[in-house]
Amino acid sequence: MDAGAAALPEAWSQVRAPVIVPLLRLAVAVCLTMSVLLFLERMYMGIVIAAVRLFRFRPDRRYRCDPLPEDQARTLAGTRYGPAEDDPELGSSAFPSVLVQIPMFNEREVYQLSIGAACGLSWPADRLVVQVLDDSTDEVIKEMVRLECERWARKGINITYQIRDDRKGYKAGALKAGMKHAYVRACEYVVIFDADFQPDPDFLKRTVPYLVHNPEIALVQARWRFVNADECLMTRMQEMSLDYHFTVEQEASSSVCAFFGFNGTAGVWRISAINEAGGWKDRTTVEDMDLAIRASLKGWKFVYLGEVQVKSELPSTFKAFRFQQHRWSCGPANLFRKMLMEIVTNKKVTIWKKIHVIYNFFLIRKIIAHIITFSFYCLIIPATIFVPEVRIPKWGCVYLPCAITLLNSVGTPRSFHLLFFWVAFENVMSLHRSKATLIGLLEAGRANEWVVTAKLGSAMKMKSANKAGLRKQFMRIWDRLHITELGVGTFLFSCGWYDLAYGRDHFYIYLFFQSIAFFIIGFGYVGTIVPQS
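Source: prediction; values computed, not measured.

Caption draft 1: Examining the packing of helix α10 (residues 287-297) against helix α12 (residues 351-384) more closely. Their axes nearest at 11 Å, the elements α10 and α12 cross at an angle of 160°. Comparing the axis directions of α10 and α12 gives the class roughly antiparallel. For the crossing formed where α10 meets α12, the hand is right-handed. Between α10, through Met289, Ile293 and Ser296, and α12, the contact on the second element is made entirely by Lys353, Phe361, Phe362 and Lys366. Looking at the contact of α10 with α12 residue by residue, the classes come out as 4 nonpolar, 1 polar and 2 charged.

Caption draft 2: Focus on the nonpolar core. Of all hydrophobic cores here, the largest spans 92 residues; its most connected members are Ile115, Phe203, Trp269, Ile293 and Phe302. For this core, the element with the most residues is strand β5 (residues 217-226), which contributes 7 residues. Residues contacting tryptophan 269, with those up to four places away along its chain left out, are Glu188, Tyr189, Val190, Ile192, Ala218, Leu219, Phe262, Ile274, Leu291, Ala292, Ala295 and Phe302.

Caption draft 3: Representation of the pairing of strand β3 (residues 159-163). Two strands pair when backbone bridges link them, and strand β2 (residues 128-134) and β3 are joined in this way by 5 bridges, in the parallel orientation. Bridge pairing in β3 links valine 132 to tyrosine 161. Handedness of the crossover joining β2 and β3 through helix α5 (residues 139-154) is recorded here as right-handed.

Caption draft 4: Main features of the side chain of asparagine 334. By the secondary structure assignment, asparagine 334 is in helix α11 (residues 318-344). Take asparagine 334: its relative accessible area is 0%, and that puts it in the buried class. Leave out the neighbours within four places in its chain, and asparagine 334 touches Arg283, Thr284, Gly440, Leu441, Glu443 and Asn448.

Caption draft 5: Inspection of the packing of helix α13 (residues 394-408) against helix α14 (residues 419-442) at higher detail. Contact geometry of α13 with α14 gives a least axis separation of 11 Å together with a crossing angle of 105°. Between α13 and α14, the angle falls in the class roughly perpendicular. Between α13 and α14, the contacting residues are Thr405, Leu406 and Asn408 on the first element and Leu419, Trp422 and Val423 on the second. Taken together, the residues that form the contact of α13 with α14 break down as 4 nonpolar, 2 polar and no charged.

Caption draft 6: Region of the structure containing the confidence of the model for the protein. Chain-level statistics for the protein give a pLDDT mean of 88 and a share of 89% at 70 or above. Of the regions scoring below 50 in pLDDT, residues 75-86 engages in 26 contacts with residues more than four places distant in sequence or in other chains. The low-confidence segment residues 462-475 (pLDDT under 50) makes 17 contacts with residues lying over four places distant or belonging to another chain.

Caption draft 7: Region of the structure containing α12. Look at α12: only 41 Å from first C-alpha to last across 34 residues, short of the 50 Å you get at 1.5 Å a residue. Along its length, α12 reaches its greatest deviation from straightness, about 45°, at leucine 363. The buried fraction of α12 is high, at 26 of 34 residues.

Caption draft 8: Representation of the packing of aromatic side chains within the structure. Evaluated as defined, the whole model comprises 24 aromatic pairs. On the basis of an interplanar angle of 55° and a centroid distance of 5.3 Å, the ring pair of tryptophan 224 and phenylalanine 246 is categorised as tilted. Of the two residues, tryptophan 224 is situated in strand β5 and phenylalanine 246 in helix α8 (residues 233-257); the sequence distance between them amounts to 22 residues. As far as burial versus exposure is concerned, tryptophan 224 and phenylalanine 246 are alike and both buried. Measuring from ring centre to ring centre gives 6.1 Å for phenylalanine 493 and tryptophan 497, while their planes differ by 80°; the resulting arrangement is edge-to-face. Taken together, the residues phenylalanine 493 and tryptophan 497, both in helix α17 (residues 483-502) and 4 residues apart, mark about one turn of the helix. Positioned above the aromatic ring of phenylalanine 57 is the side chain of arginine 62, whose terminal nitrogen or guanidinium carbon lies 4.9 Å from the ring centre. For the cation-ring pair, lysine 155 lies above tryptophan 152, with the distance from its terminal atom to the ring centre recorded as 4.4 Å.

Caption draft 9: Inspection of the UniProt feature "transmembrane region" (unreviewed entry) in the protein at higher detail. When the UniProt feature table is mapped onto this chain, "transmembrane region" (unreviewed entry) is found at residues 20-40, 367-386, 398-425, 481-501 and 507-530. Here residues 20-40 is 100% helix and 0% strand, with 30 Å between the C-alpha atoms at its ends. For residues 481-501, helix accounts for 90% and strand for 0%, while the C-alpha atoms at its two ends are 30 Å apart.

Caption draft 10: Structural context of the pattern of salt bridges. One pass over the structure, following the stated rule, counts 21 salt bridges. A salt bridge links arginine 414 to aspartate 230, with the shortest nitrogen-to-oxygen separation between them at 2.9 Å. On the criterion of sequence distance, the pair formed by arginine 414 in the loop between α13 and α14 and aspartate 230 in the loop between β5 and α8 is long-range, its members being 184 residues apart. Of the residues examined, arginine 414 reaches a relative accessible area of 40% and is grouped as partly exposed. A relative accessible area of 55% places aspartate 230 in the exposed class. A salt bridge links arginine 294 to aspartate 290, with the nearest nitrogen and oxygen atoms 2.7 Å apart.

Caption draft 11: Quick look at the pairing of β5. Counting buried positions along β5 gives 9 out of 10 residues, so the element sits mostly inside the fold. As paired elements, β5 and strand β7 (residues 301-312) share 9 bridges and run parallel to each other. For tryptophan 224, the partnering residue across the bridge sits in β7 and is valine 310.

Caption draft 12: Representation of α13. If you check α13, its first and last C-alpha atoms are 20 Å apart, about what 15 residues at 1.5 Å a residue would give, namely 21 Å. Leucine 400 marks where α13 bends most, by close to 25°; the proline proline 401 follows one to four residues later. Burial in α13 covers these residues: Gly396, Cys397, Leu400, Pro401, Ile404, Thr405 and Asn408.

Caption draft 13: Examining the sheet that holds strand β4 (residues 189-192) more closely. Strand order in the open sheet formed by 7 strands is β3-β2-β1-β4-β6-β5-β7, with mixed pairing between adjacent strands. The open sheet terminates on both sides in strands that have one partner only, identified here as β3 and β7. Across this sheet, the average inter-strand angle for adjacent strands is 20°, counted without regard to direction. Of the strand pairs in this sheet, strand β1 (residues 98-104) and β4 are connected by 4 bridges, and their pairing is parallel. Across the sheet, residue valine 100 finds its bridge partner in β4, namely valine 191. Sheet strands in contact with α8 are β5 and β7, and its direction is about 155° off that of β5.

Caption draft 14: Geometry of the side chain of glutamine 238. Among the structural elements, glutamine 238 can be located in helix α8. Classification of glutamine 238 by relative accessible area gives buried; the value is 4%. In this structure glutamine 238 touches Leu314, Pro315, Phe321 and Gln324, once residues within four positions along its chain are discounted.

What counts and how
- Residue positions are counted from 1 within each chain, in the order its sequence is given.
- Totals for whole chains, interfaces and linings use all residues, but because this is a predicted model, local features are given only for residues with pLDDT of at least 70 and pairs of side-chain atoms are given and counted only at 80 or more.
- Water and hydrogen atoms were dropped before computing side-chain values, which therefore reflect all heavy atoms in the structure.
- Here the axes come from fitting lines to C-alpha atoms, over the contacting stretch only for helices, and the angles between their N-to-C directions go from 0 to 180 degrees.
- Numbered from the N terminus, helices here are DSSP runs of H or I no shorter than four residues, and strands are runs of E no shorter than two.
- Small angles under 35 degrees read as roughly parallel and large ones over 145 as roughly antiparallel, with 65 to 115 read as roughly perpendicular and the rest as oblique.
- If you view the pair so one helix is near and one far, a crossing is left-handed when the near helix is turned anticlockwise from the far one by less than a right angle, and right-handed when it is turned clockwise.
- Should any heavy atoms of two residues lie within 4.5 Å, those residues are counted as being in contact.
- Under this grouping Gly is polar, as are all residues other than the nonpolar Ala, Val, Leu, Ile, Met, Phe, Trp, Tyr, Cys and Pro and the charged Asp, Glu, Lys and Arg.
- For the purposes of this section, nonpolar cores are sets of buried Ala, Val, Leu, Ile, Met, Phe, Trp, Tyr and Cys residues that join through side-chain atoms within 4.5 Å.
- Remark: exposure states derive from per-residue accessible area (1.4 Å probe, protein chains only) relative to the maximum for the residue type, with buried under 20%, exposed over 50%, and partly exposed in between.
- Strands pair, by our definition, only if DSSP identifies at least two bridges between them.
- Consider the strands pointing away from the viewer: the crossover is right-handed when the path from the first strand over the helix to the second runs clockwise.
- Per-residue confidence from the prediction method is given by pLDDT, with values spanning 0 to 100.
- To estimate the expected span of a helix, subtract one from its residue number and multiply by 1.5 Å.
- What we call the bend at a residue is the angle made by axes fitted to the seven residues finishing there and the seven residues starting there.
- Geometry of aromatic contacts follows a simple scheme: Phe, Tyr and Trp rings, the Trp one being its six-membered ring, pair when their centres are within 6.5 Å, and the pair is stacked under 30 degrees between planes, edge-to-face over 60, tilted otherwise.
- Cation placement over rings: the criterion is NZ of Lys or CZ of Arg within 6 Å of the ring centroid and within 35° of the ring normal.
- UniProt positions are given in the numbering used here, feature names are shortened, and annotations may be inferred rather than shown by experiment.
- By salt bridge we mean one thing: a side-chain nitrogen of Lys or Arg within 4 Å of a carboxyl oxygen of Asp or Glu.

Structure, rendered in structure tokens:
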């Protein structure tokens, strides 16, 4: 036993200098390079947004978006109308036919909200078709959704309830099947709302004119507004990340090259552009991004309207959020693998747009941003504590991360005081995002895993307030344990103690704080706790 114990330090000393130190220095150099690239990308988008604000380079100044003639006449006449209240004297000939698609899967808590909001859109009744695409496997929920559709149909709404024999292709398959019906041929545009989205009545009035007056535009994307952002700390963290995505990433991409990733919902498409791009494909879990890139490679332009906001719900349980992030991280990486050569060899778009899609959109935002966060801040920095020969410059481990964090905070000024919590939470989630990114790049086992993000709606929020249910959940703490997070937390905590005892860079301040975040999530104390029945 003593001989074996003595052999370990000797083996470590033999491999440390020739193997460990060079490899760790290489890893630090790679991580610092990726950090600089990420910082430059954030600076670039920040400059673009500042210029857009300064010179008022808004969409309504770049594109024609006049109200439709009949709509303008109604406004001047002071006429109020809804989908079933058209004035026959004014008619509806100036309005294009619009298809509204609502894909659903066992949406017990929110189906009434989304269907009601879609049926309440202010648009002539003879020019609006609401299509509920129900892939539910729960027969009770399917019957509830069908009855809700019949209820609105009795009110004069042109609404159809569509089901399939199987869930092939998941959401992409449902949307594709919905487009095959004969009545869709009369529609010029299609708007998609996920089951938890609730558009305002004037949504179509504010978005469709961009498509009507600008034949080069294929997509008009609206912003998401979160009705449950204040539900718990985890939803506040999500709000900060998504607000940056919409306020900066989508706005900058729309302003510079009229391209961005379709968010999968709250967007209006020109149906002819969808058909020209090849329709919906289910080869990845990001069918929305897939379609957007193929349409962009055909030369179509996209417009992002930040002032048009659609109410939606954030996942408030950690399990739902984790599955969502796996899909959102794995899908883009897998799509990059499948479309890289198609983008490179495309003849219809400029070299600038190719660079933007490959480098800015995919490489920096969808791959490097995920991998660098976990590998550098949760693996490489802690590892250097045990190898003092490898030093990380202060600009790389302090100044640059602080600058990137501050640039990310501009999306949600009201949550600036939560910035440290957001950093810790994002670092924990980077564990799952980096793993999902590698799975997508390598097209490993879970590359095409599709788990629908569960929505709680108002009913479950009331259940979550039940104290007896909370006590019951507390007794089942082992059901909420996340072993991977606990393992990383233990590693960081150990590194922190070693640095406190023997280190000289004071990394333990960060390591203790970050390890606590891993422990909190590892023990399941994050998000809304849903009582088990």
